[in-house]
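Observations on the model geometry
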Amino acid sequence: MSTSRTVICLLRNDLRLHDNELFHWAQRNAEHVVPLYCFDPRHYVGTYNYNLPKTGPFRLRFLLESIRDLRNTLLNKGSNLVVRRGKPEEVVADLIKQLGSVGSVTFHEEVTSEELNVEKKVKEVCAKMKVKVHTCWGSTLYHRDDLPFPHMARLPDVYTQFRKAVEAQSRVRPVFPTPEKLNPLPPGLEEGAIPSAEDLQQTEPVSDPRSAFPCSGGESHALARLKHYFWDTDAVATYKETRNGLIGVDYSTKFAPWLAMGCISPRYIYDQIKQYESKRTANQSTYWVIFELLWRDYFRFVAVKYGNRLFQLKGLQDKSVPWKKDMKLFNAWKEGRTGVPFVDANMRELAMTGFMSNRGRQNVASFLTKDLGLDWRMGAEWFEYLLVDYDVCSNYGNWLYSAGIGNDPRENRKFNMIKQGLDYDGNGDYVRQWVPELQAVRGADVHTPWTLSSAALSHAHVSLGDTYPTPIVTAPEWSRHINKKPSGAGPSPRGRKGPSHTPKQHRDRGIDFYFSRSKNL
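Everything numeric in this text was worked out from a predicted model, so none of it was measured.

About the cut-offs
- Residues numbered from 1 in each chain as written.
- Predicted model: local features only at pLDDT ≥ 70, side-chain atom pairs only at ≥ 80, totals over all residues.
- Heavy atoms only, no water.
- Helix = DSSP H or I, 4+ residues; strand = E, 2+ residues; numbered from the N terminus.
- Rg over C-alpha atoms; globule rule 2.2 N^0.38 Å.
- Buried < 20%, exposed > 50% of the residue type's maximum accessible area, 1.4 Å probe, protein only.
- Contact = heavy atoms within 4.5 Å.
- Domains from an automatic or database assignment.
- Buried area = accessible area lost by both parts, 1.4 Å probe.
- Salt bridge = Lys/Arg side-chain N within 4 Å of Asp/Glu carboxyl O.
- UniProt positions renumbered as here; feature names shortened; annotations may be inferred.
- 1 Å grid on protein atoms, 1.4 Å probe; cavity = no way out; pocket = protein on both sides within 12 Å on 5 of 7 lines; lining within 4 Å.
- Polar contact = N/O pair within 3.5 Å; in protein donor to acceptor, adjacent residues only side chain to side chain.
- Points joined across faces, edges and corners; volume = space filled by probe spheres on them.
- Nonpolar A, V, L, I, M, F, W, Y, C, P; charged D, E, K, R; others polar.
- Axes fitted to C-alpha atoms, helices over the stretch in contact; angles between N-to-C directions.
- Parallel < 35°, antiparallel > 145°, perpendicular 65-115°, else oblique.
- Pairing = 2+ DSSP bridges.

**A short note on the overall build of the protein**
On a plain count of helices and strands, the protein comes out with 19 helices and five strands. Taking 2.2 N^0.38 as the reference for a compact globule, 521 residues should give roughly 24 Å; the C-alpha atoms of the protein span a radius of gyration of 24 Å, in line with that estimate. Counting the 521 residues in the protein, one finds 60% classified as buried. Long-range contacts, defined as pairs at least 24 residues apart, comprise 80% of the intrachain contacts of the protein with a sequence gap of at least 6.

Following this line, the structure appears as structure tokens:
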């Protein structure tokens, strides 16, 4: 093997060439560059508390697509993606030995314990083998070093305080240019086969035509999605009005799965928003995309501040709550058999497609933690298993909020499943799409089948407790909304964009969990 200096770029959740500091740095510091991805066996075991599979079929398919896409991109630039199965620290040690020319290993820093443990082990291996380590920060819109807080311990515990400080005092760094050509691999280095789902003991998922995310993994697909949503359709200009939708692809940006794997950079999205605002239009909707990216940043910085408390039963507030661990209730929730149609529709969409709207996530999380009183980690680990856009910080941060033990000091919020269903799926089209047993129940009645007369049920071919469950729980506050349902099956208020509309009174509501001052959710 060549004795020239070689850099290994250890890729993890940064599967892109654009705005990627690793490539930018490696190009300037080595004759040969080894872009490396390791299928770490620790990602394919059970979750920590409930032993659910850590990586489910939808995310694995998206990952494999992203790896294939990155390999093609790198091949077109004169390089390749080296793929190995094994623990990164062991793979890196083997490559250093095999190549004999490695001067440095570079990677992006992560923030949670399992990823930090990998970084520690890679650093130990490199120190032992006298190889330098160069780390970068590239997962957030605002760079960690540019935050207006002297130390992460001073990060505000309320999102709005964080957002206002950052917007007033920090700036978003410019994107790194995409290299025209990449330095080659060292001669003779095998690229390595990309494993199949079966190789990783996972089944290939079945595509569902109802999916709100029928998209493929990979940087090229992420960039195409942005072009479609911004420049081809101008959908971004109405994002704030449509973002609470439930049906269809274009009610929201759908950037989250690509952001989670680093197929698209938050800074690139920001840069494109700024261009769009100067060339087309700047309004609340275009700003709201940035507002969302800041949420993502915030959850990541919260994870830096609080460490493993993110995963602990008592949460960030160290608060004791008598959570239940009732597997019968949990199974009904995860399988979409709670007898509450709005919850069931969302849970089935997740199980069948790996995706669920933001509105749906808020509701099913509130239902699990507040209505069923189950251990919030059951829900967090089920989402970790199934979500195509699973991001450790956003997932656990949101579940902590839902459970009322996050870092926001305001009192608990509880969502009213019936009111939410009527507000966001007023005609019941979304429920009927995912709960076919209720297909013949017309209009908003589909949200509360247990309140219908036996004649109405029999007319709709529904037998409660037989073809569809009776509710496993009912909340007293639901009754306030049961008699307010709009009647009949009128036309969908959003036409082809799907039936879910955003009522005027909800349009300015904060984005993720429980930031409304309104008690009447």
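**A closer look at the domain arrangement of the protein**
The assigned domain composition of the protein is domain 1 (6–138), domain 2 (140–174 + 219–303) and domain 3 (312–485). Inter-centroid distance (C-alpha atoms) of domain 1 to domain 2 is 25 Å. Listed per partner, the contact involves 21 residues of domain 1 and 22 residues of domain 2. Carbon and sulfur atoms make up 51% of the surface buried where domain 1 meets domain 2, a total of about 1,800 Å² over both sides. Among the residues domain 1 hides against domain 2, the three largest losses belong to H18, F62 and W137. Together they make up 38% of the total. Between domain 1 and domain 2 we count three salt bridges in total. For R144, the salt bridge is made with E109, and the minimal N-O distance between the two is 3.2 Å.

**Quick word on the pattern of salt bridges**
Scanning the entire structure with this criterion turns up 30 salt bridges. Between R267 and D19 there is a salt bridge, with the nearest N and O atoms lying 3.1 Å from each other. One end of the pair, R267, is in helix α9 (residues 266–279); the other, D19, is in the loop between β1 (6–11) and α1 (21–29), with 248 residues separating them in the sequence. Judged on exposure class, the residue R267 and its partner D19 are both buried. Note that D389 and R361 form a salt bridge whose closest N and O atoms lie 2.9 Å from each other. One end of the pair, D389, is in the loop between α14 (376–386) and α15 (392–403); the other, R361, is in helix α13 (residues 358–371), with 28 residues separating them in the sequence. Given a relative accessible area of 14%, R361 falls into the buried group.

**As for the UniProt feature "binding site: FAD" (unreviewed entry) in the protein**
UniProt annotation of "binding site: FAD" (unreviewed entry) refers to Y239, E292, L293, L294, W295, R296, D297, Y298, F299, D389, Y390 and D391 when read in the numbering used here. For the second largest cavity, the lining residues among the annotations just cited are R296 and D391. Considering the arrangement of structural elements, one finds L293 in helix α10 (residues 284–306). Excluding residues within four positions of it along the chain, L293 makes contact with L141, L259, P266, I269 and Y270. In this structure, D389 is in contact with A256, P257, A260, F355 and R361, ignoring residues within four places of it in sequence. Side chain to side chain, D389 and R361 meet in a polar contact 2.9 Å long.

**So, the UniProt feature "domain: Photolyase/cryptochrome alpha/beta" (unreviewed entry) in the protein**
As recorded in UniProt, the sites labelled "domain: Photolyase/cryptochrome alpha/beta" (unreviewed entry) are residues 5–141. The annotated region residues 5–141 carries 42% helix and 22% strand content, and the separation between its end C-alpha atoms amounts to 32 Å.

**What to know about the side chain of T55**
With respect to the secondary-structure elements, T55 resides in the loop between β2 (32–39) and α2 (57–76). Here H43 takes part through its backbone oxygen, which lies 2.7 Å from a polar atom of the side chain of T55. For T55, the contacting residues outside a window of four places in its chain are H43, Y44, L60, Q202 and Y385.

**A short note on empty space enclosed by the protein**
Applying the stated criterion to the full structure yields four cavities of 30 Å³ or more. The calculated volume of the second largest cavity comes to roughly 140 Å³. Surrounding the second largest cavity, 17 residues form its lining, N13, D14, G138, S139 and G262 being those nearest its centre. Each residue belonging to the lining of the second largest cavity can be placed in one class, and the counts come to four nonpolar, five polar and eight charged.

**Notes on the environment of R296**
Among the structural elements, R296 can be located in helix α10. The buried category is assigned to R296, whose relative accessible area is 13%. Here the alpha-carbon distance between R296 and T140, two residues 156 residues apart in the chain, equals 7.6 Å. Not counting residues up to four positions away in its chain, the partners in contact with R296 are S139, T140, L259, P266, D391 and S394.

**With respect to the layout of surface pockets**
There is about 1,000 Å³ of room inside the largest pocket. The wall of the largest pocket is formed by 40 residues, among which H43, K54, E114, E115 and Y390 lie closest to the centre. Contributions of two or more residues to the lining of the largest pocket are made by β1, β2, α2, α4 (113–128), α8 (256–261), α14 and α15. Broken down by element, the lining of the largest pocket gets its largest block of residues, six residues, from α4.

**Focus: the packing of α2 against helix α6 (residues 219–232)**
At a closest axis distance of 7 Å, the pairing of α2 and α6 adopts a crossing angle of 95 degrees. One way to sum up the angle between α2 and α6 is to call them roughly perpendicular. On α6, the residues touching D69, L70 and T73 of α2 are E219, S220 and H221. Here the contact of α2 with α6 is composed, by residue class, of one nonpolar, three polar and two charged.

**Section: the sheet that holds strand β5 (residues 132–136)**
Across the sheet, five strands lie side by side as β3-β2-β1-β4-β5; this open sheet has parallel pairing. This sheet does not close on itself; its edge strands, each paired only once, are β3 (82–85) and β5. Looking at each pair of strands side by side, their axes are set apart by 25 degrees on average, direction ignored. Summarising the sheet, β1 and strand β4 (residues 102–108) pair through five bridges and their orientation is parallel. If you follow I8 over to β4, its bridge partner there is V105. Taken strand by strand, helix α3 (residues 88–99) contacts β1, β2, β3 and β4, and its axis lies near 150 degrees from that of β2.

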